[in-house]
Amino acid sequence: MSDILTHTDAGVMTITFNRLDKKNSITAAMYATMADAVAQAAADPAVRVVVFQGHESIFSAGNDIGDFLNQPPSTQESPVFRFLRGIATFEKPLLAAVAGPAVGIGTTMLFHCDLVYAGDNAAFSMPFVNLGLCPEAASSLLAPRMFGYHRAAEALLMGEPFFAEAAQEVGLVNRVVPPTEVNGYAQAQARKLAAKPLTSLIATKRLMKGGDQQAVLQKMDEEGRDFGRMLREPAAKEAFGAFMEKRKPDFSKL
Ligand code: COA
């Protein structure tokens, strides 16, 4: 079975993380599949809304750390950047249903969704500093803007998880429901949207977000350059080595 499942019904394309044994962590191949699906959704008039979902126990553990070390994203055409640009420029409504942990890009991709529903077990985290890295997906621009600077600084500098209620309070999440209901709830909302005039949905989204797109893409590029450099530096090597060896990292000399 594929690690990413894509299914279209009644105008709604659903993209499902399906790699439970590795906590839905995302490999380059999975990013490529998702980037292609998003591009297809953008081009296909039969797709009016896209929903991202995981499992009721986990949304995504973020980048697959081993895969990331073996094939770090090296150019702007790398699958992860293609995927991020795809969701940042997507004209139709994008929804996410999040239950359980949403780590790293599992959280930052939500800044590019229009509606986010969370299970009451959802735990969002952006632990880039703890991995010797820096933010990605334009989260260094979008988190302060959405949360306010101090709350964004807490999320991005401390890198600790924050939970469904807090995520709703800062505006990342629209509604919190039981974990077993979150995918169904998002699906029902998506179907409501899919029944509305697509031209109006696209115009409304463009009017809300349009002027911002260049700044978001520029920030993604800037972050991508720093992220790529930092991946090869000692702090990230120590953090990733520690994860693979199942030990605590030691940053005392870095
Ligand atoms: N990359 C690669 N493998 C991962 C992974 C990741 N990001 N997250 C989890 N896994 C793997 C684990 O190595 C483990 O594999 P194993 O069974 O072969 O040992 C398996 O998934 C289960 O993970 P585990 O940590 O035992 O599950 P948990 O329920 O205790 O914790 C998380 C879940 C998501 C909180 C925890 O796995 C985690 O923190 N993962 C790392 C998140 C991260 O730093 N992501 C990178 C962002 S750039």
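See above for the structure.
Residues numbered from 1 in each chain as written. Predicted model: local features only at pLDDT ≥ 70, side-chain atom pairs only at ≥ 80, totals over all residues. Heavy atoms only, no water.

Caption draft 1: Summary view of the packing of aromatic side chains. As enumerated under the stated definition, the model contains 9 aromatic pairs in all. Centre to centre, the rings of Tyr31 and Phe83 are 5.9 Å apart; their planes meet at 40°, and the pair counts as tilted. Of the two residues, Tyr31 is situated in helix 1 (residues 28–43) and Phe83 in helix 3 (residues 79–88); the sequence distance between them amounts to 52 residues. A ring pair is formed by Phe147 and Phe162, whose centres lie 5.8 Å apart and whose planes are at 80°; its orientation type is edge-to-face. With Phe147 in helix 5 (residues 139–147) and Phe162 in strand 8 (residues 162–163), the pair connects residues that are 15 residues apart, well separated along the chain. (Phe/Tyr/Trp six-rings, centres within 6.5 Å; stacked < 30°, edge-to-face > 60°. Helix = DSSP H or I, 4+ residues; strand = E, 2+ residues; numbered from the N terminus.)

Caption draft 2: Just the pattern of salt bridges, in detail. Counting across every chain of the model gives 13 salt bridges. Note that Glu77 and Arg85 form a salt bridge whose closest N and O atoms lie 3.2 Å from each other. Given a relative accessible area of 52%, Glu77 falls into the exposed group. Among the residues examined, Arg85 registers a relative accessible area of 26% and is labelled partly exposed. Here Asp226 and Arg229 are joined by a salt bridge, their closest N and O atoms 3.3 Å apart. Of this pair, Asp226 and Arg229 both sit in helix 10 (residues 213–231), 3 residues apart, which is roughly one turn of that helix. Judged by its relative accessible area of 38%, Arg229 is partly exposed. One network of salt bridges, in which partners are shared, links Asp3, Arg19 and Asp64. (Salt bridge = Lys/Arg side-chain N within 4 Å of Asp/Glu carboxyl O. Buried < 20%, exposed > 50% of the residue type's maximum accessible area, 1.4 Å probe, protein only.)

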